Amino acid sequence: MAKEKRAKTDFLEENLPQTRKEQFFDLLKNQYKVIFFVGLMLLLLFIPDLVKNALKDVMNDKIHIALKESAITQEQATSGKFITWLISSAFDLVLYPIVFTGILGLLRVIRQMIYGEPVVFKYDFSIGFKENFKSGLLLGFLVGLAKFVFDLVIVSFASSAVVKTLAYVIFLLILLPMFIVCAFYSVIYKNRIGRSLGHSFLLYLKGSWRILLVMVVGIVPFIVLEFFLHFPIKQLIYAVLILFLLPLVLLAGFMVMNFVFDEAINIGQYPSLYRKGLYISKEEEKQLLEKQQIIEEVYEKN
C-alpha cells in the first residue's frame, strides 16, 4: 500500500503549486512511490499485449525466413501474415476492454494526486475500477474495433496512398485523441458513453494541440520501436517505457486535460473543480467570481 509523503507545511494553502507545471515536478518529488506503483500496474495490464506482439513478431520472422529460403510462395507468405494479423487484432478486441478498465482505475489514483486529495493506492484503484467498469469496457472495445478497422483498411488498400493517408488521419488525428480525452473525462464527469464521446470530441477541438503533444510524447517512442527493433529487444524496451514513461505521460496528460476542462466546463458548471489542487490568490479568486457571474448571465439569457 502506497502512503503519501507530505511535509508539515504541505497543508498550508499558500504552499500549493501555482501552475500545473510546478505541480508535476512537485508530485514527482513527493509522490514518486505512487507513480511507480501506477507504472507497475500498467506493466501488468500490458503483459498480455507484450506477449501477443512477441508471438506475432516470431511468426512473421518465420514466414520471412521461409519465403527467403523459397520454402513457401509469395502468396502463401502474404496469406500467413494476414492470418497472423487477423488473430492479433481479434485478440485486441478482447484485451483492450480489460486494459482500459484498469487504466481508468489508475486515472482515479492520478486524479486524487492532482486534486491534492489523500491517496491510498489499493483503495483508490479499486474504487476507480468499480466506478468506471462499464465505461472502461465500452471504451476499450471501441478503441479495439477502431484499430481493427484501421488495420484492415491499411492491409486491404496497401497500394493506395490516398486511402492509407485518409485512414491514418481519421484514426490518429480524430478517433484516438477523442477516445483518450474520453478516458480522462469519464474519471471526472459521469455521463453515458455516447454523450461522453460527444463531449470529448468537442473538448479535443478546444485543446487539440496540447492533447496531440501529449499523444506524440506517449505514442511516438512505441511507433519508432515497432519499425526499427525486433523481438526480444523491442518487447524489453516496451516494458521499460510502460513502467517509467507511460505513468508520466498519464500524469502530464491529466494535467493538460484539467486545463481544458477548467476553461470549457469547470469555470461555469463545476467551480469547485476549477484549478483544484493549485493555489488561487485572492486576485485570481476575484477574477474567477467575475467570470462565473458573466457565464451565469449568458446561461440565463439563453
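Please refer to the structure placed before this passage.
Residues numbered from 1 in each chain as written. Predicted model: local features only at pLDDT ≥ 70, side-chain atom pairs only at ≥ 80, totals over all residues. Heavy atoms only, no water.

A. Quick look at the overall build of the chain. From N to C terminus, the chain includes 10 helices and 0 strands. Among the 302 residues that make up the chain, the fraction classed as buried is 42%. For the chain, restricting intrachain contacts to residue pairs at least 6 apart in sequence, the fraction spanning at least 24 positions comes to 73%. Of the roughly 17100 Å² of accessible surface on the chain, 68% is carried by carbon and sulfur atoms. (Helix = DSSP H or I, 4+ residues; strand = E, 2+ residues; numbered from the N terminus. Buried < 20%, exposed > 50% of the residue type's maximum accessible area, 1.4 Å probe, protein only. Contact = heavy atoms within 4.5 Å. Areas by Shrake-Rupley, 256 points an atom, 1.4 Å probe, with all protein chains shown as cover.)

B. The arrangement of helix α6 (residues 161-188) in detail. With 28 residues, α6 ought to run about 40 Å at 1.5 Å a step, and its terminal C-alpha atoms sit 40 Å apart, in line with that. Of all the bends in α6, the greatest, near 30 degrees, is centred on Phe171. (Expected span 1.5 Å × (residues − 1). Bend = angle between axes of the 7 residues up to and from the residue.)

C. Focus on the nonpolar core. Judged by nonpolar contacts, the single largest core of 65 residues is most densely connected at Leu42, Leu107, Ile110 and Phe261. Ranked by the residues each element gives to this core, the list is headed by helix α9 (residues 233-269), at 13 residues. In this structure Ile110 touches Val38, Leu250, Leu251 and Phe254, once residues within four positions along its chain are discounted. (Core = buried A, V, L, I, M, F, W, Y, C linked by side-chain atoms within 4.5 Å.)

D. Layout of helix α5 (residues 133-156). The first and last C-alpha atoms of α5 sit 34 Å apart over 24 residues, in line with the 34 Å expected at 1.5 Å per residue. Of the residues making up α5, those classed as buried are Ser135, Gly136, Leu139, Gly140, Val143, Gly144, Ala146, Phe150, Asp151 and Ile154. Elements that come into contact with the buried residues of α5 comprise α3 (74-114), α6 and α7 (193-206).

E. Spotlight on the pattern of salt bridges. On inspection of all chains with the given rule, the structure shows 8 salt bridges. The partner of Lys52 in a salt bridge is Asp92, and the shortest N-O contact between them spans 2.6 Å. Residue Lys52 is located in helix α2 (residues 32-68), and its partner Asp92 is located in helix α3; the two are separated by 40 residues in the primary sequence. Accessibility classification places Lys52 together with Asp92 in one group, the buried group. With a closest N to O distance of 3.1 Å, Asp124 and Arg108 form a salt bridge. (Salt bridge = Lys/Arg side-chain N within 4 Å of Asp/Glu carboxyl O.)

F. How the structure looks around the packing of α3 against α5. Closest axis-to-axis distance for the α3/α5 pair is 7 Å, and the angle between their directions is 155 degrees. Relative to α5, the element α3 is oriented roughly antiparallel. Note that α3 runs across α5; the crossing there is right-handed. Taken together, the residues of the contact of α3 with α5 break down into 17 nonpolar, 6 polar and 3 charged. (Axes fitted to C-alpha atoms, helices over the stretch in contact; angles between N-to-C directions. Parallel < 35°, antiparallel > 145°, perpendicular 65-115°, else oblique. Left-handed = near helix turned anticlockwise from the far one by under 90°. Nonpolar A, V, L, I, M, F, W, Y, C, P; charged D, E, K, R; others polar.)

G. Spatial organisation of a nonpolar patch on the surface. Nonpolar side chains collect at one region of the surface, where Leu166, Val169, Ile170, Leu173, Ile174, Phe201, Leu202 and Leu205 lie side by side and expose about 660 Å² of accessible area between them. Ranked by residue count, the leading element in the nonpolar patch is α6, at 5 residues. Among the residues examined, Leu166 registers a relative accessible area of 52% and is labelled exposed. (Patch = residues over 30% accessible without salt bridge, like charges linked within 9 Å, V, L, I, M, F, W, Y side chains within 5 Å.)

H. Quick look at the packing of aromatic side chains. If you walk through the whole model with that rule in mind, you get 16 aromatic pairs. Aromatic side chains Phe36 and Phe244 sit 6.4 Å apart centroid to centroid with 40 degrees between the ring planes, which places their arrangement in the tilted category. Taken together, the residues span a long stretch of sequence, with Phe36 in helix α2 and Phe244 in helix α9 at a distance of 208 residues. By relative accessible area, which is 38% here, Phe36 ends up partly exposed. (Phe/Tyr/Trp six-rings, centres within 6.5 Å; stacked < 30°, edge-to-face > 60°.)

Interpretation note: all reported values are geometric properties and have no functional meaning in isolation.
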